[in-house]
Structure formats: C-alpha cells, structure tokens
Amino acid sequence: MTSSHTDCHFCLQSLRGRKYALRDENAYCVPCYDSLYANPCEECKQPIECNSKDLAYKGRHWHEACFRCAKCSCSLVEKPFAAKDEVLLCTKCYSDEYSSKCFHCQKTIMPGSRKMEFKGSSWHESCFVCQYCQQPLGTNPLITKDNENYCVPCFEKQFAHRCYACKKVITSGGVTYHDQPWHKECFVCAVCKTQLSRQRFISKDEYPYCVDCFSNFHAKKCAACKKSITALGGAKYISFEEHQWHEECFNCTKCSVSLVGQEFLTRQDEILCHKCGSA
C-alpha cells in the first residue's frame, strides 16, 4: 500500500520497519531528518538528533547532557538558572558572580528575593531592621549612626539630645550652655524671656540673662556713679569692703585724682587720696 508514510519524503527510501520522524505531515527517515532539520547544540556544536531531547532557550538549543552551568558544569535541566551575556549559570554561580552582598550579613542576596536599597548599599529585607528594636524598617523614615540604622523613635530614645528647658527632642540646630543642650527658641533670658541665641548674655546660678536684666537684678552698683558693674566686655572694677567701683570711677571724692594702685583713705562713704584725707 502506498502512503505518505511509506517512503522517506527526502531520499524516497522505504520506511517499512524503520524509525522515522514527521515534519509538516511529511515522513523522513532519521538520517534525512537529522541532516535537514536537527538544531546544532550551543555547547558541543553537534546536531541534536531526533531521538535526543532538544532543550531550547531564547532560540538556542542544547542536548540534555550539554545544558549545564557555564561555571560549575552542574546540569540545569528542570532547575532554575540565569543568563548573563548569553552565558547560562546556575543560581548559585550567578549569585556569587553578579548578585549584591547584604551590607549587614555580607551574604549574597539571591536572585528573585526582595532586597532593600539605601545609600548605595543593599540589604536582605530581613536584615534591614532597626539596630535597637530589631523591627523591620521597610520604607519608614530612619536615621543612621556609626553605620547602623535606627527607626526614628529608637534613635531619639537612645541618642537624641533633649532640651534642658522643655525636655523635648532637639531635631536640628540647638544651643549648648553649661554643657546642656537647648532649643534656640528655649534659650531665653530668665527674666524677660528674650531669645539669647544671637546676642550677648550673662550667666548666674546656671541661668542666662540678657545684659539689661542682669544689670537690673543682679549686677553690683558702682558706689560712685550708681550704674551697674558687669563683666561684659572685660570691664574692670575695684572692690573694697562692701563697695565696688568701676575702675574709671575709683577717684578721690574731693580732687577726683585716680586712686587705682594708690593709697587711699575712707571717711564714711567717701574715698580720699592721702593728701585730701590728711588735710
């Protein structure tokens, strides 16, 4: 009986009792089919005969035995793999060569696993946690100190300065006074509450005062001119018993000669040079 499967479509030899392959409804003996249609193997360059399994990836073909990792040569048949510059690699070799290393544990971040990126470095999602509470940071706000990441509440609890006045966290700027941190807006005169962060001030009993308030409430008065004596600007003054004088006011009450560095006499509230006091 004559049929399309009786003879090879190419060499016309009988197929009776012989293996054959079909293509486009035509029958071919094995040698003809392999010579006409077998794909060359990417690895060994030999044709992949019709009685061999043909493994294909992106238009390329391999024998089953040739479908291996280009680095470690392990079989990739029915296993996950990755391609780099048309070279096939098992996931382990691909990871060792090309995958990112976790900044925290220094282990490879495997392809397909979720990773976190921060400041040019990569983390496993499970490694990207607050150093203090160990809770995942995800995409939440964070603060870095000494290469360790902290959620904002933990950082404030552990490291943030608290204002000496209001006890709240100082997030930026601030003023240091007597080794204590202050908000700029909290660093005010103890009397009139004027902000002192950008002006001259005088301290007394651990509290800051503007110059005017200090002069009015705490500064000693010159026995001669009755004005306040402050150390602001390096002013010099003379002190004797319970009285103080500006250096320029320390003069003989009668002749007005300066008594700085000179012998003097006192008579009630007067200071006199030796000459006037002896008269």
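Looking up the protein chain in an unreviewed UniProt entry gives the name Four and a half LIM domains protein 5, with the organism given as Elachura formosa. According to the UniProt record, the Subunit (unreviewed entry) comment for the protein chain reads "Interacts with CREM (via the third LIM domain). Interacts (via second LIM domain) with SPAG8." Of the comments in the UniProt record for the protein chain, the one headed Subcellular location (unreviewed entry) reads "Nucleus".

Okay, the side chain of His 63 next. Residue position: His 63 is located in strand β4 (residues 60–63). Apart from residues no more than four positions distant in its own chain, His 63 is found in contact with Cys 41, Cys 44, Gln 46, Pro 47, Ile 48, Ser 52, Lys 53 and Leu 55.

Tallying each qualifying case throughout the model produces 5 salt bridges. The partner of Arg 68 in a salt bridge is Glu 43, and the shortest N-O contact between them spans 3.5 Å. Here Arg 68, found in the loop between β4 and β5 (81–84), pairs with Glu 43, found in the loop between α1 (30–37) and β3 (54–57); they are 25 residues apart in sequence, far enough to count as distant. Among the salt bridges present, the one from Glu 125 reaches Arg 114, with a minimum N-O distance of 3.1 Å.

On to the UniProt feature "domain: LIM zinc-binding" (unreviewed entry) in the protein chain, then. As annotated by UniProt and renumbered to match this structure, "domain: LIM zinc-binding" (unreviewed entry) occupies residues 39–99, 100–161 and 220–279. In this annotation, residues 39–99 is assigned 13% helix and 26% strand; the end-to-end C-alpha distance for the span is 33 Å.

Moving on, we come to α1. Within α1 the residues assigned to the buried category are Cys 32, Tyr 33 and Asp 34. Packed against the buried residues of α1 are β1 (20–23) and β2 (26–29).

Bringing the pairing of β1 into the picture now. Sheet topology note: the β1/β2 ladder contains 4 bridges and is antiparallel. Considered in β2, the bridge of Leu 22 is made with Ala 27. Joining the antiparallel neighbours β1 and β2 is a turn of 2 residues, in which Asp 24 adopts a positive phi near 50 degrees.

Moving on, we come to the confidence of the model for the protein chain. Per-residue confidence for the protein chain gives a mean pLDDT of 83, with 94% of residues at or over 70. Least confident of the elements in the protein chain is helix α4 (residues 211–217), whose mean pLDDT is 71; most confident is β4, at 94.

Right, let's get into the environment of Lys 227. Residue position: Lys 227 is located in the loop between β15 (220–221) and β16 (228–229). Sequence separation of Lys 227 and Trp 245 is 18 residues, and the distance between their C-alpha atoms is 9.3 Å. Those residues in contact with Lys 227, other than ones at most four positions away along the chain, are Lys 220, Lys 221, Cys 222 and His 246.

Next up on the list: the domain arrangement of the protein chain. Domain annotation for the protein chain reports domain 1 (68–98) and domain 2 (221–278). Each of domain 1 and domain 2 has a C-alpha centre, and the two are 95 Å apart.

The rules we used
- Residues numbered from 1 in each chain as written.
- Predicted model: local features only at pLDDT ≥ 70, side-chain atom pairs only at ≥ 80, totals over all residues.
- Heavy atoms only, no water.
- UniProt positions renumbered as here; feature names shortened; annotations may be inferred.
- Helix = DSSP H or I, 4+ residues; strand = E, 2+ residues; numbered from the N terminus.
- Contact = heavy atoms within 4.5 Å.
- Salt bridge = Lys/Arg side-chain N within 4 Å of Asp/Glu carboxyl O.
- Buried < 20%, exposed > 50% of the residue type's maximum accessible area, 1.4 Å probe, protein only.
- Pairing = 2+ DSSP bridges.
- pLDDT = per-residue confidence, 0-100.
- Domains from an automatic or database assignment.

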